[in-house]
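Working through the structure, step by step
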Amino acid sequence: VILVLNAGSSSVKFAVFEPGADGAVPSRVAGGIAEGLPDRPVLSVRRGSVDTRSIPLGENCVQPEAIGRILDWVRGEPALAALSAVGHRVVHGGGEFGEPVRVDDRILERLESFVSLAPLHQPHNLAAIRAVGSADAAIPQFACFDTAFHATMPALHRELPVPAAWRARGVRRYGFHGLSYEWVASRLPDELGEKAHGRVVVAHLGNGASVCGMTQLRSVRTSMGMTALDGLVMGTRPGALDVGVALFAMETMGLQPRELARALYNDCGLLGLSGVSNDVRTLLASDDPRCAFALDFFCERAAQEIAATAVALGGIDALVFTAGIGENSPPVRSSIVRRLAWLGLKLDPDRNAANSRELQASDSTIPIRIVATDEETVIASAVARQLRR
Ligand code: AMP
């Protein structure tokens, strides 16, 4: 039995898998989330796909305690008690980790050195590894990286135009959402047949958002950069931004680096543009013109990045939407694809409205698909592979 943890600042998502026989994809048998940490903590658990129940957590429940309770619950369930390994989603593997890795003290120290590259996520990911280690020092733990899928990007799409001395210190494009892209890539042959190996652009549109261009199911170009701030407009992050804006905020508005980082990660994007919300459902339901403007801006930037990715690939053979917004929001998809009609992309309005798997119009030759992402299964599969080795 493999436990997969995805630990954030106020929540810990988990999923429990039984490994498939002879290398088959592991199957998800339970899962849940501890959320509202630390002030309003609740642990919701699920066996199979139904049967949800809530387990109260004590007041001021911090992340290590929540993880301890998750481990207790898993081990208390007779069918899950044979827990043999834990897999973690870790956002940044730097330039070093292009594969999942078994974590020991030395590896943990290396992963610490990437905290400044992903200050919003990496500290919580690593705290979760430590929390499991304190609860059970013997259980093997594996880190699976959101950057790893992009290790195949060529220099043209990896390097950034900065001085050589900066590049020597690791300033380059790493890219993120790699676990999601790896899942989508694994589904593409079934979804697209031969075209799967061609020029495919995948748009991961969630609270964090990016696009990835693939050929031969490998990453060629992605919109996120050294950090997860680059590229598309996101819920609370600006995406690509004139760096002069950051200089202005520091020199003229007097923001300290820490304040600037907080503003860039938490106050920009859809929230900054609308002044109302980072949640696309709230923006769609509102009649405030600022909300419509924020959505329009989001779609324009997404279309621009898809087009830029098509340039990197030399064309586009298929477009795939995934993640919360990509899988569930017909108006956002239609606003993006409308802007890409000149590339030959066209949606069928009824299929789009129904969130169908196949979305392209019958008179269009370029497939447009929804593939529901599943980062946890990618992590469980990687852990199962490592255990077999
Ligand atoms: P994720 O980060 O993948 O969990 O996606 C979160 C984003 O998906 C939020 O902005 C949500 O508003 C958006 N989302 C989830 N469900 C829907 C829906 N039915 N319609 C529009 N947006 C949605």
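Definitions and limits used
Residues numbered from 1 in each chain as written. Predicted model: local features only at pLDDT ≥ 70, side-chain atom pairs only at ≥ 80, totals over all residues. Heavy atoms only, no water. 1 Å grid on protein atoms, 1.4 Å probe; cavity = no way out; pocket = protein on both sides within 12 Å on 5 of 7 lines; lining within 4 Å. Points joined across faces, edges and corners; volume = space filled by probe spheres on them. Helix = DSSP H or I, 4+ residues; strand = E, 2+ residues; numbered from the N terminus. Nonpolar A, V, L, I, M, F, W, Y, C, P; charged D, E, K, R; others polar. Disulfide = S-S within 2.5 Å. Pairing = 2+ DSSP bridges. Axes fitted to C-alpha atoms, helices over the stretch in contact; angles between N-to-C directions.

Quick word on the layout of surface pockets
Computed from the structure, the second largest pocket encloses a volume of approximately 1100 Å³. Contributing to the lining of the second largest pocket are 26 residues, with Met226, Thr227, Leu229, Val243 and Leu264 lying nearest its centre. Looking at the lining of the second largest pocket, the elements with two or more residues in it are helix H7 (243-251) and helix H8 (257-266). A per-element tally of the lining of the second largest pocket places H8 first, with 5 residues. Taken together, the residues of the lining of the second largest pocket break down into 20 nonpolar, 4 polar and 2 charged.

Describing the state of the cysteines
Should the sulfur atoms of two cysteines be covalently bonded, the bond is a disulfide. All told, the structure shown has 0 disulfides when counted by the stated rule. Sulfur of Cys144: no disulfide; nearest cysteine sulfur belongs to Cys212 and is 18 Å away. Of the cysteine sulfurs around Cys268, a residue in no disulfide, the closest is that of Cys291, at 17 Å.

Side note on the sheet that holds strand E11 (residues 218-222)
The pairing of strands in a sheet happens through backbone hydrogen bonds and is either parallel or antiparallel. Read from one edge to the other, the open sheet built from 5 strands follows the order E11-E10-E9-E12-E13, with strand pairing classed as mixed. Each edge of the sheet is formed by a strand with only one pairing partner; in this case those strands are E11 and strand E13 (368-370). On average, each strand axis in the sheet is tilted by 25° relative to the strand beside it, whichever way the strands run. Inspection of the sheet shows strand E9 (residues 200-205) paired to strand E12 (residues 318-322) by 5 bridges, in the parallel sense. Bridged to Ala203 within E12 is Phe321.

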